[in-house]
Amino acid sequence: MHKYVRISGNKTAILLVLSVMSMLVVSVLWQGSTAVVSFEKGHIVMLDPGHGGYDPGAITNQGVYEKSINLQIAQKVKEMLGPSGIGVFLTREEDIDYVPDGVKGRTIRKQIDLNRRIDMAKEANADLFVSLHVNATATGQDSGAETFYHSKSETGKRLAELIQQELIKIPGMNRRIVKPGDFYIINNTSMPAVIVEVGYLSSLKEQKKLQQSWYQEQLARAIAKGIANFFVLP
Ligand SMILES: [Zn+2]
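A brief report on the enclosed structure follows.

About the criteria used
Residues numbered from 1 in each chain as written. Predicted model: local features only at pLDDT ≥ 70, side-chain atom pairs only at ≥ 80, totals over all residues. Axes fitted to C-alpha atoms, helices over the stretch in contact; angles between N-to-C directions. Helix = DSSP H or I, 4+ residues; strand = E, 2+ residues; numbered from the N terminus. Parallel < 35°, antiparallel > 145°, perpendicular 65-115°, else oblique. Left-handed = near helix turned anticlockwise from the far one by under 90°. Contact = placed C-beta atoms within 7 Å. Nonpolar A, V, L, I, M, F, W, Y, C, P; charged D, E, K, R; others polar. Buried ≥ 20, exposed ≤ 12 C-beta atoms within 10 Å, placed from the backbone. Pairing = 2+ DSSP bridges. Core = buried A, V, L, I, M, F, W, Y, C linked by C-beta atoms within 7 Å. Expected span 1.5 Å × (residues − 1). Right-handed = clockwise from strand over helix to strand, strands pointing away. Arc of directions from axis to C-beta.

**Some details on the packing of helix 4 (residues 154-167) against helix 7 (residues 213-232)**
Link 1 in the chain: Axis separation between helix 4 and helix 7 bottoms out at 8 Å; the angle between their running directions is 140 degrees. In terms of axis orientation, helix 4 runs oblique to helix 7. For helix 4 against helix 7, the interelement crossing comes out right-handed. Contacts between helix 4 and helix 7 involve Arg158, Leu159, Leu162, Ile163, Gln165, Glu166 and Leu167 from the first element and Ala222, Ile223, Lys225, Gly226, Asn229 and Phe230 from the second.
Link 2 in the chain: Taken together, the residues of the contact of helix 4 with helix 7 sort by class into seven nonpolar, three polar and three charged.

If you want it as structure tokens, here you go:
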């Protein structure tokens, strides 16, 4: 009887430890602007702030560069995921590209730059690749965030949906749905990959918000939460 009680006590203790552990793994707490998520070790995300260096991406008449906004948001996502235990890497931490001097030709330069980022994700053993961009159109009519995935990747689609689901919660955001996209980077990564276009620089209203840190934080939090949810949900 005594022995039985002891065993049962141990079992209870083990169960308790296990349930606390699983709570740590499953619980996603968002305190203020910081994401507090706990995970078992081993999840790695490669964040790719689109463009950089010679390639500014979209530019406004006022001289706002897409490449700068992409980097600012990526750094915020990294910061927010920091305490979660998810390993976060950036393809660039500053305003650079990966094209060696002397390489000519628009397409080849772009491809060399993207190939380096794709390789970085592979070398880091990343589970996910998330490329961040800002959109632009000639008309200036469109606005809002959009997330793209590779049409043949179910996992990519799930990641895209989890991110987009958070983005559309941002006040004032229109409710776009995820779309399959034919982009070099998501066609060539070896892990599930998405492109998040956080908004439109061509929209005057959105252009102002995109440059502001409070709005970038809202976008970053949504992206971070989408990524965290990907690893929490089965
Ligand atoms: Zn872009």
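**Focus: the environment of aspartate 127**
Link 1 in the chain: Relative to the helices and strands, aspartate 127 resides in the loop between helix 3 (106-123) and strand 5 (128-135).
Link 2 in the chain: Residue aspartate 127 is classed as buried on the basis of its C-beta count, with 20 C-beta atoms lying within 10 Å.
Link 3 in the chain: Considering only alpha carbons, one finds aspartate 127 and valine 45, 82 residues apart in sequence, at a separation of 5.9 Å.
Link 4 in the chain: Dropping the residues within four chain positions of it, aspartate 127 is found in contact with His43, Ile44, Val45 and Met191.

**Remarks on the packing of helix 2 (residues 66-81) against helix 7**
Link 1 in the chain: Packing of helix 2 against helix 7 brings their axes to within 8 Å, and their N-to-C directions diverge by 50 degrees. Between helix 2 and helix 7, the crossing angle belongs to the class labelled oblique. Both helix 2 and helix 7 take part in a crossing whose hand is right-handed. Of the residues in helix 7, those in contact with Gln72, Ile73, Lys76, Val77, Met80 and Leu81 of helix 2 are Gln216, Glu217, Leu219, Ala220, Arg221, Ile223, Ala224, Ile227 and Ala228.

**Brief notes about the sheet that holds strand 6 (residues 146-149)**
Link 1 in the chain: Taken in spatial order, the six strands of this open sheet run 4-3-5-8-6-7, and their pairing is mixed. Each edge of the open sheet is held by one strand with a lone partner, namely strand 4 (87-90) and strand 7 (179-180).
Link 2 in the chain: Here five bridges tie strand 3 (residues 44-49) to strand 5, and the two strands are oriented parallel to one another. Looking at the pairing, valine 45 lines up with leucine 128 of strand 5.

**Points about the pairing of strand 8 (residues 193-200)**
Link 1 in the chain: When you tally the buried positions in strand 8, you get eight out of eight residues, the bulk of the element.
Link 2 in the chain: Bridge analysis of strand 5 against strand 8 gives six bridges, and the strand direction is parallel. When the bridges of strand 8 are listed, valine 130 appears paired with valine 194.

**Side note on the nonpolar core**
Link 1 in the chain: By size, the foremost hydrophobic cluster in this structure holds 51 residues, and its most contacted members are Val130, Val194 and Ile223.
Link 2 in the chain: The dominant element in this core, judged by the number of residues it contributes, is helix 7, at nine residues.

**Things to note about unusual backbone geometry**
Link 1 in the chain: We note that histidine 51 has phi near 65 degrees; this positive angle belongs to a residue other than glycine.
Link 2 in the chain: Unusually for a residue other than glycine, asparagine 125 sits at a positive phi of about 55 degrees.
Link 3 in the chain: Following the sequence through the fold, asparagine 125 ends up in the loop between helix 3 and strand 5.
Link 4 in the chain: Asparagine 125 gets classed as exposed once you count the C-beta atoms within 10 Å, which come to 11.

**Regarding helix 4**
Link 1 in the chain: For helix 4, built from 14 residues, the straight-helix expectation of 20 Å at 1.5 Å per residue is met to within 8% by its first-to-last C-alpha distance of 20 Å.
Link 2 in the chain: Of all the residues in helix 4, the buried ones are Gly156, Lys157, Leu159, Ala160, Leu162, Ile163, Gln164, Glu166 and Leu167.
Link 3 in the chain: Of the surrounding elements, those touching the buried residues of helix 4 are strand 5, strand 6, helix 5 (184-188), strand 8 and helix 7.

**A few points about the pairing of strand 6**
The side chains of a regular strand alternate between both faces of the sheet.
Link 1 in the chain: Here strand 6 shows a buried face lined by Glu146 and Phe148 and a second buried face lined by Thr147 and Tyr149.
Link 2 in the chain: Relative to strand 8, strand 6 runs antiparallel, the two being bridged by four bridges. Residue pairing in the sheet places threonine 147 in a bridge with valine 196 of strand 8.
Link 3 in the chain: By the bridge criterion, two bridges tie strand 6 to strand 7 in an arrangement that is parallel. Opposite phenylalanine 148, over in strand 7, you have lysine 179 as the bridge partner.
Link 4 in the chain: As for the winding sense of the linkage, the β-α-β connection from strand 6 through helix 4 to strand 7 is right-handed.

**Side note on helix 3**
Side chains three or four residues apart in an α-helix point the same way, a direct result of the helix having 3.6 residues per turn.
Link 1 in the chain: The terminal C-alpha atoms of helix 3, which comprises 18 residues, lie 26 Å apart, in line with the 26 Å expected from a rise of 1.5 Å per residue.
Link 2 in the chain: What helix 3 keeps buried is the set Asp113, Leu114, Arg117, Ile118 and Ala121. The buried residues of helix 3 occupy one face: seen down the axis, they fall within an arc of 135 degrees. Exposed and facing more than 90 degrees away from the buried side of helix 3 are Ile108 and Glu123.
Link 3 in the chain: In the segment just after helix 3, asparagine 125 is the residue with positive phi, at about 55 degrees.

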